[in-house]
Amino acid sequence: MSRSKCTRLSGALVEQLLDSVDSVLFDCDGVIWRGDQAITGASEVINLLKEHGKKVFFVTNNSTKTRKMYADKMSSLGFNVTADEVFGTAYCCAVFLKTVCRLEGKVYLMGSNAMKQELEAVGVQQVGVGPDHVSGQQIDWANVPLDPEVKAVVVGFDEHFSYMKLNRAMQYLVQKDCLFVGTNRDTRLPLEGGKAVPGTGCLLQAVETAAQRQAQTVGKPNHFMFDCLAAQFGVERERCLMVGDRLDTDILLGSNCGLKTLLTLTGVSTVAEAEAHRDSGSAERQGMGTIQKKDAARFICTKTSFQGGGFDSSSYLPKAFWIGLSAILLLVVVALGLAGHLALAGSGSKGLICYKPVDQDSCFLQTMVRSDYEHVGSLVNASGHKLCGNKMQRRTEFLGVLAASQVNVSSLEEPLQTLCQDRSVHWTRRTDGKQRLVYFCIDICFPSNICVSVCFYYLPE
Ligand SMILES: O=C(O)[C@H](O)[C@H](O)COP(=O)(O)O
């Protein structure tokens with residue numbers, strides 16, 4: 001079943017699909033229920049899948065319930081479910097702040113009591129839940145007292161959302177080192193009888209607009225929720241099926257994580273939308289992003305426009321090299337986890353170097369110059385030799401990178417789009433005098449004994 005095809009699921013295809021998976025991930029709103037009403041047949045299907053030995057999980061962007069609250073609601077509607085099978089953004093956001101952001105300090109929370117409980121369960125204190133009544137004059141609002149221990153603003157679904165809260169969040173986010181995290185960007189919440197209410201995305205966008213900053217999001221289509229599930233249950237992504245009603249969250253998550261995907265017509269997205277994406281000719285819309293990697297590599301080779309700069313592209317490395325390198329480097333970046341690292345990738349007409357510091361929510365881009373290509377060329381030729389063991393050669397602490405003009409993330413291609421998802425991206429600002437003083441290299445060997453050296457740059461303050 002090729003990824004870019006939209007096939008109506010029926011007959012033998014159902015069996016073929018179910019035989020090809022061990023785990024089925026279900027979205028909730030618009031798939032198993034709308035509001036408090038279960039969708040007809042949903043509990044039977046899920047209980048049957050379990051009886052036939054399939055693992056079943058629930059991956060929902062809805063941040064209004066804890067895992068336990070979800071399991072209770074599901075049991076009350078006839079679903080045979082346990083709390084650890086549920087991955088909601090209230091829970092995953094708490095895990096994200098604790099394990100990825102390593103947050104030290106409190107959260108200013110625009111969200112539900114459920115988010116408060118999940119944060120407390122991982123030892124993160126928060127302020128802000130509940131109504132925030134209007135008091136004082138505008139100037140008092142601009143000088144609203146802030147809790148000095150607050151180190152992050154987190155936005156989820158909040159029925160008490162108000163101007164006072166928007167203002168308080170903005171005042172916290174003026175501080176550059178205050179983290180900004182959102183649960184999800186869904187614009188609508190589908191309810192009973194085809195009704196809907198504004199989604200969390202509307203609230204998050206309001207805060208982003210006021211703060212003039214972009215939040216990192218935890219929910220679908222970001223891969224973090226699947227990472228949480230895979231870390232806890234060790235599922236094989238090739239044998240996972242993601243079932244959802246939204247193309248831009250559920251199906252895109254499936255695509256982003258290399259899962260099989262199934263769109264149900266019980267919620268937000270329609271067949272017409274799916275077919276429009278399929279026939280759009282735009283890689284992003286077709287696989288909603290998953291086929292881009294391949295395209296990006298090809299793009300690099302055909303669009304080498306260095307001739308303009310007086311360089312002859314033919315002296316550069318063959319196409320296979322770029323395909324191989326982009327893939328290896330993406331692997332390396334992922335393998336080294338969420339730390340300040342560098343990615344080399346072709347995008348648009350020139351090769352780019354991207355630096356992604358872990359303690360900042362930005363990426364910094366630098367166009368590759370001749371010496372970079374020559375350096376990487378020599379590295380790759382060198383890494384052809386078998387290196388034994390994992391040898392850390394040199395190590396230097398990064399001092400910092402200066403940001404120049406902002407880059408529109410959507411103009412970037414893979415792997416930079418994935419690497420800098422939900423971060424602001426800037427060109428690096430060069431200072432006068434010395435440039436690129438130090439390279440430090442790590443030799444990394446994979447179980448297949450393929451070794452590659454990755455070099456990091458030091459850009460002076
Ligand atoms: O507003 C929201 O947050 C979303 O509409 C809602 O929560 C989506 O939940 P899901 O479809 O992922 O279960």
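Residues numbered from 1 in each chain as written. Predicted model: local features only at pLDDT ≥ 70, side-chain atom pairs only at ≥ 80, totals over all residues. Heavy atoms only, no water.

S.K.: Outline the overall build of the chain, listing residues and values.
M.R.: Looking only at helices and strands, one finds 16 helices and 21 strands in the chain. Residue burial in the chain is summarised as follows: out of 461 residues, 48% are buried. The contacts in the chain between residues at least 6 apart in sequence include a share of 66% that link residues at least 24 apart. (Helix = DSSP H or I, 4+ residues; strand = E, 2+ residues; numbered from the N terminus. Buried < 20%, exposed > 50% of the residue type's maximum accessible area, 1.4 Å probe, protein only. Contact = heavy atoms within 4.5 Å.)

S.K.: Report on unusual backbone geometry, specifying residues and quantitative values.
M.R.: A cis amide bond links Lys220 to the next residue, Pro221, at an omega of 10°. In this structure, Arg102 is a non-glycine residue whose phi angle is positive, near 45°. Assignment of secondary structure puts Arg102 in the loop between helix H4 (89-100) and strand E6 (106-110). Even without being glycine, Gln212 reaches a positive phi, approximately 50°. With respect to the helices, strands and loops of the structure, Gln212 is situated in the loop between helix H8 (200-211) and strand E12 (216-217).

S.K.: Could you give an account of H4, with specific residues and numbers?
M.R.: In terms of burial, H4 is largely enclosed, as 9 of its 12 residues are buried. Turning to H4, its buried residues are Thr89, Ala90, Tyr91, Cys92, Cys93, Ala94, Val95, Phe96 and Leu97. Once H4 finishes, Arg102 follows within two positions and takes phi at roughly 45°, a positive value.

S.K.: Could you give me a rundown of the packing of aromatic side chains, with the residues and numbers involved?
M.R.: Within this structure, the stated rule accounts for 8 aromatic pairs. An angle of 80° between the planes, with centres 6.3 Å apart, marks the rings of Phe87 and Phe233 as edge-to-face. Of this pair, Phe87 sits in strand E5 (residues 86-88) while Phe233 is found in helix H9 (residues 224-233), placing the two residues 146 residues apart along the sequence. Take Phe233: its relative accessible area is 25%, and that puts it in the partly exposed class. A network of ring pairs unites the aromatic residues Phe57, Phe87, Tyr91 and Phe233 as a single cluster. (Phe/Tyr/Trp six-rings, centres within 6.5 Å; stacked < 30°, edge-to-face > 60°.)

S.K.: Describe the sheet that holds strand E8 (residues 150-155), naming the residues involved and giving the relevant values.
M.R.: As summarised here, the arrangement of the 5 strands in space is E7-E6-E8-E9-E12, forming an open sheet in which the pairing is parallel. Two strands close off the open sheet at either side, each with one partner strand: strand E7 (126-127) and E12. Judged from the 5 bridges that link them, E6 and E8 form a sheet pairing that is parallel. By the bridge assignment, Tyr108 is partnered in E8 with Val153. Relative to strand E9 (residues 179-182), H4 is tilted by about 155°, and along the sheet it contacts E6, E8, E9 and E12. Its contacts with the sheet put helix H5 (residues 113-121) on E6, E7 and E8, and the angle it makes with E6 is roughly 165°. (Pairing = 2+ DSSP bridges. Axes fitted to C-alpha atoms, helices over the stretch in contact; angles between N-to-C directions.)

S.K.: Give me the confidence of the model for the chain: which residues, what numbers.
M.R.: Taken over all residues, the pLDDT of the chain has a mean of 77, while the share at 70 or more is 63%. Within the model, pLDDT remains below 50 along residues 383-400, and this stretch shows 36 contacts once partners closer than five positions in the same chain are excluded. With a pTM of 0.65, the predicted complex shows an ipTM of 0.97. (pLDDT = per-residue confidence, 0-100.)

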